[in-house]
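Reading the structure
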Amino acid sequence: MTELHIRKDNIMNALLAADKFSGAALSSMIIVALFCTAVPFIFLGYFRAKTGAKLSSFFIGMGFYVLFAFVAEGILNALLFNLFSLKDVLNRSIHPVWYALYGAVAAGIFEEMGKYAGLRYFMKDRPGKANALMFGVGHGGFETIAYGSSLFMGNIILALMVNSLGMEEYLAKLDLKGDALTDYRNAIGELIAIPPAENVAAGSERLLALIFQTALTILIFTAIQNVRKRFLVPAAILLHVAGYLPTYLTQVGVIRNMALSLCLTGAVVFLTAAYAYREYKSGSCG
């Protein structure tokens, strides 16, 4: 039996076994959503009190994440997928590895260049490494909230609706037919089948992203401040790709073990954060 058939059987077994989200699964989603919302602002309060950095640096970091990760990268995606018709080459179902690699590389280039532009040209009235650090917390904090809190909040609302109405009544209210109904039913089945530990792992990955984005910001800032360390700009891009590639490969099903994905990501984050901390303390970044 192929892995695809096994996965379909698991989904159907989950639907037959239960048409509701377990209490443990719902609790894990709520806890993760709360943590992904709270931790960026806990970081904000801690680093502002410790360093005296300006509060506005945090929100500028958020703004540059939106500008480059959503707007600029979104424009590139629209051009490649529609104008240049690369849908088949970068199709996640047909070429999952290419799709994942493209996603990681595009994110690495746009997000790190966004940090570079923000720190070099829009933070002149907020000089110093403390404000750069706060910029990075805002940059990573927005990602944590957008892909952690928001995603899980959507799943929580869905889980509450399904548990309150029951699967069949909930689907009936959507007025879906044919393949659309089947696809949506299977999507809910996949969510029901996710164990609580996997939700916690996904939330942990989002929190790692916050640390990672902050560390990469310090590398970019060091490159701006120290001409001898300009190599840290391309290094930050490559590290970004390496750190996010396991997540993209997990999303397309190439990596099927969430723990493995988390360990690979964690290793890159740890090494990057350790180096960034050394640069921050050494005075190389001002």
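Above this text sits the structure in question.
Along each chain, residue indices are assigned from 1 in the same order as the chain's sequence is written. The predicted nature of this model means local features are confined to residues of pLDDT at least 70 and side-chain atom pairs, given and counted, to a pLDDT of 80 or more, with totals for whole chains, interfaces and linings taken over all residues. With hydrogens and water set aside, each side-chain value is computed from the structure's full complement of heavy atoms.

What follows deals with the packing of helix α8 (residues 196–225) against helix α10 (residues 258–282). Interaxial angle, 0 to 180 degrees, is taken between N-to-C directions of lines fitted to C-alpha atoms, where a helix line uses only the stretch in contact. Runs of E in the DSSP output that reach at least two residues are strands. Runs of H or I that reach at least four are helices, and both are numbered from the N terminus. The interhelical angle for the contact between α8 and α10, taken along N-to-C directions, is 25°, at an axis separation of 8 Å. Accordingly, the angle class assigned to the pair α8 and α10 is roughly parallel. In terms of crossing hand, the pair formed by α8 and α10 is left-handed. Residue classes follow a fixed rule: Ala, Val, Leu, Ile, Met, Phe, Trp, Tyr, Cys and Pro count as nonpolar, while Asp, Glu, Lys and Arg count as charged, and any other residue, Gly among them, counts as polar. Of the residues in the contact of α8 with α10, the class split is 17 nonpolar, six polar and three charged. If an angle is under 35 degrees, it is roughly parallel; if it is over 145, roughly antiparallel; if it lies from 65 to 115, roughly perpendicular; otherwise it is oblique. Left-handed describes a crossing whose near helix is turned anticlockwise from the far helix by less than a right angle; the clockwise case is right-handed.

Only Phe, Tyr and Trp rings are paired, with Trp represented by its six-membered ring, and only when their centres lie within 6.5 Å; those with planes under 30 degrees apart are stacked, over 60 edge-to-face, the remainder tilted. Summed over all chains, the structure comprises 13 aromatic pairs. Arranged with centres 5.8 Å apart and planes meeting at 45°, the rings of Y65 and F142 form a pair that is tilted. Here F142 lies in helix α5 (residues 129–165) and Y65 lies in helix α3 (residues 55–83), a separation of 77 residues in the sequence. Remark: exposure states derive from per-residue accessible area (1.4 Å probe, protein chains only) relative to the maximum for the residue type, with buried under 20%, exposed over 50%, and partly exposed in between. When its relative accessible area of 24% is taken as the criterion, F142 is described as partly exposed.

With their axes 10 Å apart at the nearest point, helix α2 (residues 23–51) and α3 run at an angle of 145° to one another. In this structure, α2 meets α3 at a crossing whose hand is right-handed. Contacts between α2 and α3 pair P40, F41, L44 and R48 from the former with L55, F58 and M62 from the latter. Looking at side-chain class alone, the contact of α2 with α3 contains six nonpolar, no polar and one charged residues. Whether two residues are in contact is decided by their heavy atoms, any of which lying within 4.5 Å being enough.

Right, let's talk about the state of the cysteines for a bit. Disulfides are defined as pairs of cysteine sulfur atoms found within 2.5 Å of each other. With the rule as written, the count across this model stands at zero disulfides. Summary of cysteine pairing: C36 is not part of a disulfide, and the nearest cysteine sulfur, belonging to C263, is at 18 Å.

We now examine α2. Here a helix's expected span is defined as the number of its residues, less one, multiplied by 1.5 Å. For α2, which comprises 29 residues, the first-to-last C-alpha distance of 41 Å matches the rise-based estimate of 42 Å (1.5 Å per residue) to within 8%. Taken together, the buried positions of α2 are A25, L26, S28, M29, V32, A33, C36, V39, P40 and L44. Structurally, α2 contributes buried residues whose contacts are with α3, α5 and α8. Within two residues after α2, G52 carries a phi angle of roughly 75°, on the positive side.

It is worth spelling out the nonpolar core at this point. Among buried residues, those of type Ala, Val, Leu, Ile, Met, Phe, Trp, Tyr and Cys that are joined through side-chain atoms within 4.5 Å constitute a nonpolar core. Counting residues in each nonpolar core, the largest one holds 45 residues, and the members touching the most others are L119 and I220. No other element matches the eleven residues that α8 contributes to this core. Setting aside residues up to four positions removed in sequence, I220 forms contacts with E112, K115, Y116, L119, L232, V233 and A236. Judged by nonpolar contacts, the second largest core, of 16 residues, contains C36, I156, V162 and L171.

What follows deals with the side chain of T265. The topology assignment puts T265 in helix α10. Those residues within four positions of T265 in sequence are excluded, and the remaining contacts are E205, L208, G243, P246 and T247.

Here we come to the pattern of salt bridges. For side chains bearing opposite charge, pairing can occur when the charged atoms are close. Here a salt bridge means any side-chain nitrogen of Lys or Arg lying within 4 Å of a carboxyl oxygen belonging to Asp or Glu. A complete count under the given rule lists five salt bridges for this structure. We note a salt bridge from D125 to R126, for which the minimum N-O separation is 2.7 Å. Among the residues examined, R126 registers a relative accessible area of 17% and is labelled buried. A salt bridge links K229 to E279, with the shortest nitrogen-to-oxygen separation between them at 2.9 Å. With K229 in the loop between α8 and α9 (232–251) and E279 in helix α10, this pair connects stretches of sequence that are 50 residues apart. What makes E279 buried here is its relative accessible area of 2%.

Another aspect to go through is the environment of I60. Looking at the secondary structure, you find I60 in helix α3. With sequence-adjacent residues up to four places away left out, I60 is seen in contact with F122, M123, R126 and F135.

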